[in-house]
Amino acid sequence: MDTLRIGSEVVELLSRITGQKLNQRDITPTVLFLANLITLLLGVIFADGQVTEEEKRQLQKTLNQFIPLEGSVRQLTQLMLKGVREQKIYTTSQNFRLLTAPLSEPEKLLLIGLGYKMSAADGNIDKQERKYLQVVSNLLSIDLRYLSVLESGFTDHCDFEPMALNEVRFLLDPTRFHKLEPAFLQAASQIIDKLPKASYHENTCNNLALSHHNLERFKSYLKCLETISHNLLNVISECTERKLLSPMLTEEAQQIHEKSKSQRFRLSVVGEFSQGKSTLLNVLLGEEIQPVRAIPCSGVVTVLKYGKQKRVVCCYRDGREEEIPFDQYQEKATISEEVALEDEVEELLKSELVEIVLEHPDLDMCRYGVEIVDSPGLNEHPARTMLTQQLLKETDAVIFLTNASRPLTEGERNLIHSLRIQLNGGRVEEPTDNLFIVVNFIDLLRREKDFQDVKRRIEKFVYEQQKIVREKNRVHYISAQAALEAILEKNENDFWLSFKSFSEAVEEFLSNECGIIKINQLIARISNLSQYIYDEINRFERLMDSNIENSDESIQVTIEKIGEISGRDTKLKIFADDLREAAVDEIRESWDNWLDGLLERLAEKAENWTSEHSAIWSKDKLIKDYVNQFNQNLSTELESWIETELKQEILKPYIEILDREIHKNSQAIKHNFFQSGDTLMNSDSNWIFCREQKSAEEENIMGGVALAGLGAALFIPAFIFAGPILGLIGSLFGGGLIGKGIGNVLDFDTAIRVKVFESGWQQFSESSADIEKINEIIGEAFDKKVEQTDEIMTKAIAVHESRIAQQEKAMLATLEQRELEKAWLEQKRQELDRVRQELETVLSQLPR
């Protein structure tokens, strides 16, 4: 309760209600809450025009719970009862707003909860009473979803959102009322005890829908942090308006608030085509959204997310967005059968559509902040493979599907190995935590021996040979189609249970591993920022109390610190530019050295090309086979150079040097804050540095350490160069098949093999001049590393500028202005105390 908001208007209103000349000392938190409680309960009692004996008993019982045994509060309560009834205070919104203004959100919700308890005293909530409570709740800005939760605690009403139940439990946590009288804690506990123990959906649903309790809980934590960050934003905005803080702090608080509102999980489903991705998604989503065919089906990346209405948005290469009718989604998201069957590569490459975003209100998992990415089959075309790999940079977890009838082909093993490296931020040997290997079509294995053979093969590769994942429930055996049929038939069979186990494992990771990291990061940012604001308020108060001697000199010292920080910023950018140029020069040299022997290495590999097709009867298929093998050989060479030379030998040392320089400058800026003798001025400014490093847990889940933050350069796919090679197929049918020059080196048995090799090498040679592509990506990566420290320096400068403004304002304030300012500062401190208390409540509820 914000006692500073109990102003003269509240005192005057309560004096009029009681008929007594009251002063501000008479209006204690208990008296004010009783005034609100009497007003609300009388409003409920008189709403239906009838006053029952049970309602009278409930009114007295509820009021007695809050009236202290000693003192004059009981007599004051009787006067308030009489005054509120006679003056009909409960019918005037202006009076209600005035009385409830000092109450916190939990206190307002407790008040409404007691109103529902009163309304249900006679065993039934009357229609007029319900309407009255809704009107008052709207007046108090209480989320209307909470009303259904409260009503369910006192009636058989069960229609409420499970997430709303978690939020109500959070707001009514008794620890929130520990600074008030014990009666508040007791009342909150009694209402919580009345609330449902589980969601209505869980208790009454007789079908086999998946439950998402952990995700619900995560969403409720975010909702609480959204409220907390909003309150902090209000405090900072008010302080900024009074010139006490830099506008930079308002921007920081706004970013945190937006993060709490938009925080979500991104789950990518990948694999070769025809592995059942679409069916799996339909089961996870609880809605038959994705098109299903036996041939390659996905034409573009599709992002499935929650939306209040069904909506489909097509995103194009040029940045355009186009909303299309929902019933056109499957057609738009699917490549034509002709393209799928004939492998018309050129048609796919010409497509301007790069992503489809589908929003839907009934997607079970998505309503809790999960966005699911359905990617094109990874063996359909290298251009789309590159797109899928790029999307992995922003994913929280990946589901990789393989077929139980042909588990982990050589191509799939290579893909899984590549996925692990990308998800690990370039670390080659370590297993990853956020990759799930899912073996689909397990129902096709009729014998137990077949299943055990597949299981041994999968787990040997995943856990022993390659150490793809840690043994944390990351390998699952399912039949998505059989699970879907079980849902439709409401038949809880083994296939359904295995799918449910898989779904729960994914949810457990997202919410309790990845999610807790996200929550803790938000809490740390809010806590650090609120502590900094608290210290700045104290500092300004000290400035007003001191005589501020040598103020001009102090201001000059601060200006010099700003100059020092600006100088460091400039030097760091020059240092990074020099490093980047040196890295680029070394990359060019390494690239040239690699190219020198590439022709011979590819020629040796070309000698081993094989095909089941005949040059006479299946010439086009033979050419495609050789083109694919050329492309694979080239891709393997490129991957080896990128992983070994580019990333490890060249980039890693440069990035480590840059990281050390960044760390040195960050430490120097921190030291800058501890040079003054003013302890408040030296207060912990963690809000400036809180995003400087990732937590150890986040690094373990999300990626590498030495190369962390390098960005796109860590994920350069070989197809950045190799992609054009597949475009040569058509050109081989014109101008003759016999090449010149290469045949003497390679002693090929057929002219087709010679022509494929010759044309492939020619196209690669032309495209290899585009090494600048990779240099541009690396340049951007260096810039992003510097931006991290640049942000710190900008904030540090803003802090010093704010302190100059505070010094000048404190010098000009009169004695009377200082007293008013101190009262206002005390109010802001109380609001910051509530922010910290609420953060502690969230922390206490997080799973350990």
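Bear in mind the structure is a predicted one, so any value in this text is a computation, not a measurement.

**Q** In this structure, what is going on with the overall build of the chain? I would like to understand it.
**A** Broken down by element type, the chain carries 32 helices and nine strands. Accessible surface, the chain: about 38,500 Å² in total, of which carbon and sulfur atoms supply 47%.

**Q** For this particular structure, what's the right way to read the nonpolar core?
**A** A general trend in soluble globular proteins is that nonpolar side chains are found buried together. Ranked by internal contacts, the top residues of the largest apolar core, which has 146 residues, are L14, L110, L280, I372 and I399. It is helix α22 (residues 494-545) that provides the largest number of residues to this core, a total of 19 residues. For L280, the contacting residues outside a window of four places in its chain are V269, L401, V438, I478, A480, F499 and F502. If you look at the next biggest cluster of nonpolar residues, it comprises 45 residues, including I565, W591, V627 and I642.

**Q** Hey, could you run me through a negative patch on the surface in this one?
**A** A cluster of like negative charges, contributed by E586, E589, D592, D596, E600, E604 and E607, occupies part of the molecular surface. When residues of the negative patch are traced back to their parent elements, those giving at least two are α23 (551-596) and α24 (598-606). Take the negative patch: its biggest share by element is four residues, from α23. Residue position: E589 is located in helix α23. Classification of E589 as exposed rests on a relative accessible area of 51%.

**Q** Explain the packing of aromatic side chains to me, please; I cannot follow it from the model alone.
**A** Two aromatic rings, taken as a pair, are described by how far apart their centres are and by the angle between their planes. For the structure on display, the rule yields eleven aromatic pairs. Centre to centre, the rings of W609 and F630 are 6.3 Å apart; their planes meet at 85°, and the pair counts as edge-to-face. Remark: F630 occurs in helix α25 (residues 619-672) and W609 occurs in the loop between α24 and α25; sequence separation between them is 21 residues. Residue W609 is classed as buried on the basis of its relative accessible area of 4%. Judged by its relative accessible area of 1%, F630 is buried. Through pairs of rings, three or more aromatic residues link up here, namely W609, Y626, F630 and F757. Taking NZ or CZ as reference, R320 lies 4.2 Å from the ring centre of Y316, over its face. Cation over ring: R836 sits above Y534, and NZ or CZ is 4.2 Å from the ring centre.

**Q** Hey, could you run me through the environment of I191 in this one?
**A** Within the element layout of this structure, I191 appears in helix α10 (residues 182-194). The exposure class of I191 is buried, given its relative accessible area of 2%. Placed 75 residues apart in sequence, I191 and Y116 show a C-alpha to C-alpha distance of 9.8 Å. Beyond its immediate chain neighbours, meaning those up to four positions away, I191 contacts L110, G113, L114, L150, F154 and L172.

**Q** Quick question: what am I supposed to make of the packing of helix α1 (residues 8-18) against helix α5 (residues 93-100) here?
**A** When two helices pack together, their arrangement is given by the angle between the helix axes and by the axis-to-axis distance. One can describe the packing of α1 onto α5 by two numbers: an axis separation of 9 Å at closest approach and a directional angle of 120°. The orientation of α1 with respect to α5, classified from their angle, is oblique. Between α1 and α5 the crossing geometry is left-handed. Of the residues in α5, those in contact with E9, V10, L13, L14 and R16 of α1 are N95, L98 and L99. Looking at side-chain class alone, the contact of α1 with α5 contains five nonpolar, one polar and two charged residues.

**Q** Even after reading the chapter, I still don't get the environment of L579, so can you show me in this structure?
**A** With respect to the helices, strands and loops of the structure, L579 is situated in helix α23. We classify L579 as buried; its relative accessible area is 9%. Spatially, the C-alpha atoms of L579 and F782 are 8.7 Å apart, while their sequence positions differ by 203 residues. When residues no more than four places from it in sequence are discounted, the contact partners of L579 are Y654, I657, L658 and F782.

**Q** Would you mind showing me how to read the state of the cysteines here?
**A** Think of a disulfide as a covalent bridge from one cysteine sulfur atom to another cysteine sulfur atom. If you walk through the whole model with that rule in mind, you get zero disulfides. Not engaged in a disulfide, the cysteine C314 finds its nearest cysteine sulfur in C315; these two sulfurs lie 7.5 Å apart.

**Q** Would you explain the pattern of salt bridges in this entry?
**A** Two side chains with opposite charge may pair up if their charged atoms get near one another. Counted according to the given criterion, the structure contains 29 salt bridges. The salt bridge partner of E238 is K828, with a shortest N-O separation of 2.4 Å. Highlighted residues: E238 in helix α12 (residues 213-241) and K828 in helix α32 (residues 815-845), separated in sequence by 590 residues. Residue classification places E238 among the partly exposed residues on the basis of a relative accessible area of 29%. The exposure class assigned to K828 is buried, which follows from its relative accessible area of 1%. We note a salt bridge from E826 to R829, for which the minimum N-O separation is 3.2 Å. You can see E826 and its partner R829 sitting in helix α32, three residues apart, about one turn around the helix. Owing to a relative accessible area of 32%, E826 belongs among the partly exposed residues under this scheme.

**Q** Quick question: what am I supposed to make of the sheet that holds strand β5 (residues 353-360) here?
**A** The nine strands lie next to each other as β4-β3-β5-β2-β6-β1-β7-β8-β9, forming an open sheet whose pairing is mixed. Each edge of the sheet is formed by a strand with only one pairing partner; in this case those strands are β4 (321-324) and β9 (475-477). For this sheet, the mean inter-axis angle between neighbouring strands, taken without regard to orientation, is 20°. With six bridges joining them, strand β3 (residues 311-316) and β5 adopt antiparallel strand pairing. Residue C314 lies in a different strand from β5, and its bridge partner there is I356.

**Q** How should the pairing of β3 be read in this particular structure?
**A** For a regular strand, side-chain orientation follows a simple rule: the groups alternate between the two sheet faces. By the criterion of burial, β3 is predominantly enclosed, with five of the six residues buried. Pairing between β3 and β4: four bridges, direction antiparallel. Looking at the pairing, C315 lines up with E321 of β4. Taking the residues between adjacent antiparallel strands as the criterion, β3 and β4 are bridged by four residues, where G319 takes a positive phi near 90°.

**Q** Is there a simple way to explain the packing of helix α21 (residues 480-489) against α22 in this structure?
**A** Between α21 and α22, the shortest axis-to-axis distance is 8 Å and the interhelical angle comes to 110°. By the angle between their directions, the pair α21 and α22 is classed as roughly perpendicular. Of α22, the residues touching α21 (which contributes A480, A482, A483, A486 and I487) are F495, W496 and F499. Class assignment for the residues of the contact of α21 with α22 results in eight nonpolar, no polar and no charged.

Definitions and limits used
Every chain is numbered on its own, with residues counted from 1 as its sequence reads. In view of the model being predicted, local features appear only for residues whose pLDDT reaches at least 70, and side-chain atom pairs are presented and counted only at 80 or more, with totals across whole chains, interfaces and linings using the full set of residues. Only hydrogens and water are set aside; all other atoms, that is, all heavy atoms of the structure, feed into the side-chain values. Helix and strand assignments follow DSSP, with helices taken as H or I runs no shorter than four residues and strands as E runs no shorter than two, numbered in order from the N terminus. For the area figures, the Shrake-Rupley method with a 1.4 Å probe applies, and any residue is considered shielded solely by the protein chains shown. Among buried residues, those of type Ala, Val, Leu, Ile, Met, Phe, Trp, Tyr and Cys that are joined through side-chain atoms within 4.5 Å constitute a nonpolar core. Think of it in three bands: with a 1.4 Å probe and only protein chains considered, a residue is buried below 20% of the maximum accessible area for its type, exposed above 50%, and partly exposed in between. Should any heavy atoms of two residues lie within 4.5 Å, those residues are counted as being in contact. Every patch collects residues that have over 30% relative accessible area and no salt bridge, joining them within 9 Å if they carry like charges and within 5 Å if they are nonpolar side chains (Val, Leu, Ile, Met, Phe, Trp, Tyr). The salt bridge definition used is simple: a Lys or Arg side-chain nitrogen within 4 Å of an Asp or Glu carboxyl oxygen. Charged residues are defined narrowly, with Lys and Arg counted positive, Asp and Glu counted negative, and His plus the chain ends left uncounted. Charge positions are represented by NZ for Lys, CZ for Arg, CG for Asp and CD for Glu. A pair of Phe, Tyr and Trp rings is counted when the ring centres sit within 6.5 Å of each other, with Trp represented by its six-membered ring. The angle between the planes then sorts it: under 30 degrees is stacked, over 60 is edge-to-face, the rest tilted. Put simply, a charge is over a ring when the Lys NZ or the Arg CZ is close to the ring centre, within 6 Å, and near the line of the ring normal, within 35 degrees. For helices, the fitted line uses only the C-alpha atoms of the stretch in contact; every axis is such a line through C-alpha atoms, and the angle between N-to-C directions lies from 0 to 180 degrees. Under this scheme an angle from 65 to 115 degrees is roughly perpendicular, one under 35 degrees roughly parallel, and one over 145 degrees roughly antiparallel; angles in between are oblique. Whether a crossing is left-handed or right-handed is set by the direction in which the near helix is turned from the far one by less than a right angle, anticlockwise for left-handed and clockwise for right-handed. In this count, Pro and Cys sit with the nonpolar residues alongside Ala, Val, Leu, Ile, Met, Phe, Trp and Tyr, while Asp, Glu, Lys and Arg are called charged and the others, Gly among them, polar. Cysteine sulfurs are considered disulfide-paired once they come within 2.5 Å of each other. Between any two strands, at least two bridges found by DSSP are needed for them to pair.

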